[in-house]
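Architecture and fold: a report
For reference, the chains in residue letters:
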Amino acid sequence: MTDQIDALSGELETYTLATPEEREAFRVRFLGRKSGAITDLFKSLRDADASERPALGQRLNALRTRAEERIAEADQQAEQTPDAPDIDLTLPGRIPPLGSRHPLTQTLEDIQDIFARMGFTIAEGPEIEDDFHNFTALGFPADHPARDMQDTFFVAQKGVDGAEEDVVLRTHTSPVQVRALLPQTEGGQARVPIRVIAPGRVYRNESLSYKSYCLFHQVEGLYVDEGVTFADLKAVLYLFAQAIFGDDVQVRFRPSFFPFTEPSAEVDIWQANEELPGGGRWLEILGCGMVDPEVYRHTGVDSERYSGYAFGMGVERIAMLRYGISDIRELYQNDVRLLAQF
């Protein structure tokens, strides 16, 4: 047994215990309860001569203590020395994927920048509106279809002052134009001359399809001053179409009707397509017109002195035409395959 103790004493000093796996293998080899080498020698101690047992027992205890010390020393060393990173530091670094601006955001910012260069400032207003600002001040009669539940999200029946009045999710950003015109104080003067655009989100109670959605974004413009004419409006919108679609864009104005402008027009651009009859088609991009005196009456503007124009466009429509997107729903589905292209 003495020779066995000497052999194990030398063997346990040869083991490296750098990893948890090596330390566990060492423990099983020497201290395992069922088949550990030192454990087996303790079991064989009863077969030794009675006179040798005390000395052998002392040597076995010392051997077990040394094995336990080696494990403890290795555990302590592992705690003080953090594990090396499980990466190859010689490899090139990983470049994280970069995000990009949503096509709607890009289009909206481009539109705002174009009109800013023409002298327009940005006006903002609440998305939850009262009946006066959203409908009445803009010349919508009480029986106008746009007031119907089919087109408008009604959210309450009382205004902010407690009066019985419809409160809606705004159906256009035209209420921002009304707020921009209204006097800042009761009995004050209307804020004219004025040249603003009103970008923002609007809501319509419509069925979802490739061309309509329950919410979308608009940019509406308003310019009121002395001597403003329809010719000024046409010049501004023609310059806008060139800036957003290119210098070679073809533009046409068609007579139309809006409750808050008179005369009114819709603006189309020509989309060339050899597969279509005539080589292409006209596509509407916005509506416009001269501000109706009814709006001036509600906002306190002297219609005998001032004239002005207004226009409004859907940002989604512009974005879809610019980028060749055929379904408006794709702009709201966060499909990485689409967004990665921008």
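Residues numbered from 1 in each chain as written. Predicted model: local features only at pLDDT ≥ 70, side-chain atom pairs only at ≥ 80, totals over all residues. Heavy atoms only, no water.

Quick word on the sheet that holds strand E9 (residues 280-291)
One open sheet holds the 7 strands; their spatial order is E1-E5-E6-E10-E9-E8-E7, and the pairing between them is mixed. Both edges of this open sheet fall to strand E1 (121-122) and strand E7 (251-258), since each of them pairs with a single strand only. The pairing of E7 with strand E8 (residues 261-272) spans 7 bridges and is antiparallel. Residue pairing across strands places Phe253 opposite Val267, the latter belonging to E8. Those strands touched by helix H8 (residues 230-245) are E7, E8, E9 and strand E10 (307-314), and its axis lies near 140° from that of E9. (Pairing = 2+ DSSP bridges. Helix = DSSP H or I, 4+ residues; strand = E, 2+ residues; numbered from the N terminus. Contact = heavy atoms within 4.5 Å. Axes fitted to C-alpha atoms, helices over the stretch in contact; angles between N-to-C directions.)

Looking at the packing of aromatic side chains
Considering all chains together, one arrives at 13 aromatic pairs under this definition. Ring centres of Phe258 and Phe260 lie 6.5 Å apart, and the angle between their planes is 25°; this geometry places the pair in the stacked category. Each member of the aromatic cluster is reached from another via a ring pair, and the members are Phe115, Phe120, Tyr223, Phe240, Tyr309 and Phe311. Between the NZ or CZ atom of Arg195 and the centre of the ring of Phe120, over which it lies, the distance is 5.7 Å. (Phe/Tyr/Trp six-rings, centres within 6.5 Å; stacked < 30°, edge-to-face > 60°. Lys NZ or Arg CZ within 6 Å of the ring centre and 35° of its normal.)

Some words on the pattern of salt bridges
A side chain of one charge can pair with a side chain of the opposite charge if their charged atoms are brought near each other. Applying the stated criterion to the full structure yields 18 salt bridges. Overlapping salt bridges bring together Glu13, Arg66, Glu69 and Glu73 as one network. (Salt bridge = Lys/Arg side-chain N within 4 Å of Asp/Glu carboxyl O.)

Some words on the nonpolar core
Of all hydrophobic cores here, the largest spans 39 residues; its most connected members are Ile111, Phe115, Tyr309, Phe311 and Met313. Mapped by element, the contributors of at least two residues to this core are helix H5 (103-117), strand E5 (194-203), strand E6 (215-225), H8, E8, E9, E10 and helix H10 (315-323). For this core, the element with the highest residue contribution is H8, accounting for 6 residues. Discounting chain neighbours no more than four positions away, the residues touching Phe311 are Phe115, Phe120, Gln177, Ile197, Val219, Glu220, Gly221, Leu233, Leu237, Gly287 and Cys288. Core analysis: the next-biggest nonpolar cluster, separate from the first, contains 24 residues, Ala123, Ala180, Phe260 and Tyr306 among them. (Core = buried A, V, L, I, M, F, W, Y, C linked by side-chain atoms within 4.5 Å. Buried < 20%, exposed > 50% of the residue type's maximum accessible area, 1.4 Å probe, protein only.)

Points about the packing of H5 against H10
Helix-helix packing is described using two parameters, namely the angle between the two axes and the distance between the axes. Direction vectors running N to C along H5 and H10 enclose 105°, while the axes themselves pass 9 Å from each other. If you check the angle between H5 and H10, you find them roughly perpendicular. The residues of H10 that touch H5, namely those facing Pro103, Leu104, Gln106, Thr107, Leu108, Asp110 and Ile111, are Val315, Glu316, Ile318, Ala319, Arg322 and Tyr323. Here the residues of the contact of H5 with H10 sort into 8 nonpolar, 2 polar and 3 charged. (Parallel < 35°, antiparallel > 145°, perpendicular 65-115°, else oblique. Nonpolar A, V, L, I, M, F, W, Y, C, P; charged D, E, K, R; others polar.)

Structural notes on the confidence of the model for the protein chain
Summing up the model confidence of the protein chain, the mean pLDDT is 86 and the portion of residues at 70 or higher is 94%. Confidence, expressed as mean pLDDT per element, reaches its minimum in the protein chain at strand E3 (residues 154-158) with 78 and its maximum at H8 with 96. (pLDDT = per-residue confidence, 0-100.)

Re the side chain of Gln106
Within the secondary structure, Gln106 is located in helix H5. Within the structure, Gln106 has its side chain in polar contact with the side chain of Tyr323 (distance 3.5 Å). In contact with Gln106, not counting residues within four places along its chain, are Arg101, Arg322, Tyr323 and Phe342. (Polar contact = N/O pair within 3.5 Å; in protein donor to acceptor, adjacent residues only side chain to side chain.)

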